[in-house]
Amino acid sequence: VQLQASGGGLVQAGGSLRLSCAASGRISGMNRMAWYRQAPGKQRELVAHITSGGSMNYADFVKGRFTISRDNAKNTVYLQMNSLKPEDTAVYYCNGDLVSAGWQANYWGQGTLVTVSS
């Protein structure tokens, strides 16, 4: 069981990117899923999370610009990032509570780098 993040890259300020995080392995369900980010020299911080029921919460610094969503049929969670700013530059990590063989455990993806140029 693992999470695989993708979709990062280099974008100009004001641009958009969509990150994807796919859960693979013998998974029977995804519960709370989240995106975190870590900028150089800073601590990892929560960007957004989404519950199994679809309730979403966002950090103040991305409200109105980022949207988290999930596709349970594909075991995938997304982060649509619009109006990107240079301060959004960071490695973005997905995190989630995955259910496998009747057990729930928390997993981290490997991270995907987002670079926003000014």
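See the structure shown above.
Treat the numbers as computed from the prediction; the structure is a model and nothing was measured. (Residues numbered from 1 in each chain as written. Predicted model: local features only at pLDDT ≥ 70, side-chain atom pairs only at ≥ 80, totals over all residues. Heavy atoms only, no water.)

**So, the pattern of salt bridges**
Considering all chains together, one arrives at four salt bridges under this definition. Between R37 and E45 there is a salt bridge whose closest N-O contact spans 2.9 Å. Among the ionic pairs, D60 bridges to K63, the shortest N-O distance being 3.2 Å. What you see here is one network of salt bridges that share partners, running through R37, E45, R65 and D88. (Salt bridge = Lys/Arg side-chain N within 4 Å of Asp/Glu carboxyl O.)

**A look at the sheet that holds strand β1 (residues 2-6)**
Across the sheet, which stays open at both edges, the four strands sit in the order β1-β3-β8-β7 with antiparallel pairing between neighbours. Pairing within the sheet leaves two strands with one partner each, and these edge strands are β1 and β7 (66-71). On average, each strand axis in the sheet is tilted by 15° relative to the strand beside it, whichever way the strands run. The sheet contact formed by strand β3 (residues 17-24) and strand β8 (residues 76-81) spans six bridges and is antiparallel. Across the sheet, residue A22 finds its bridge partner in β8, namely T76. (Pairing = 2+ DSSP bridges. Helix = DSSP H or I, 4+ residues; strand = E, 2+ residues; numbered from the N terminus. Axes fitted to C-alpha atoms, helices over the stretch in contact; angles between N-to-C directions.)

**Side note on the packing of aromatic side chains**
Scanning all chains against the criterion turns up two aromatic pairs. Their ring planes at 55° and their centres at 4.9 Å tell us that Y36 and W108 sit as a pair that is tilted. Pair noted here: Y36 is in strand β4 (residues 29-38) and W108 is in strand β10 (residues 103-108), with a separation of 72 residues, a long-range link. Taking the centre distance of 6.4 Å and the plane angle of 85° together, the rings of Y93 and W108 count as edge-to-face. (Phe/Tyr/Trp six-rings, centres within 6.5 Å; stacked < 30°, edge-to-face > 60°.)

**Examining the pairing of strand β11 (residues 112-117)**
Along any regular strand, the residues point their side chains to alternate faces of the sheet. A one-sided burial pattern is seen for β11, the buried positions being T112, V114 and V116 and the unburied ones L113, T115 and S117. Across four bridges, the pairing between strand β2 (residues 9-12) and β11 is parallel. Residue pairing in the sheet places Q12 in a bridge with S117 of β11. Pairing analysis gives three bridges linking strand β9 (residues 90-100) to β11, with the strands arranged antiparallel. (Buried < 20%, exposed > 50% of the residue type's maximum accessible area, 1.4 Å probe, protein only.)

**Section: unusual backbone geometry**
Located in the positive-phi region is N75, a residue other than glycine, with phi close to 50°. For N75, the location among the structural elements is in the loop between β7 and β8.

**Details of the environment of L19**
Among the secondary structure elements, L19 is positioned in strand β3. On the accessibility criterion, L19 (0% relative accessible area) is buried. Considered as a pair, L19 and G29 are 10 residues apart in the sequence and their alpha carbons are 20 Å apart.

**A look at the side chain of R65**
Secondary-structure assignment places R65 in the loop between β6 (56-58) and β7. There is a polar contact of 2.7 Å between the side chain of R65 and the backbone oxygen of F61. Reaching out from R65, the side chain makes a polar contact with the side chain of D88 at a distance of 2.7 Å. Those residues within four positions of R65 in sequence are excluded, and the remaining contacts are Q80, M81, N82, S83, L84, K85 and D88. (Polar contact = N/O pair within 3.5 Å; in protein donor to acceptor, adjacent residues only side chain to side chain. Contact = heavy atoms within 4.5 Å.)

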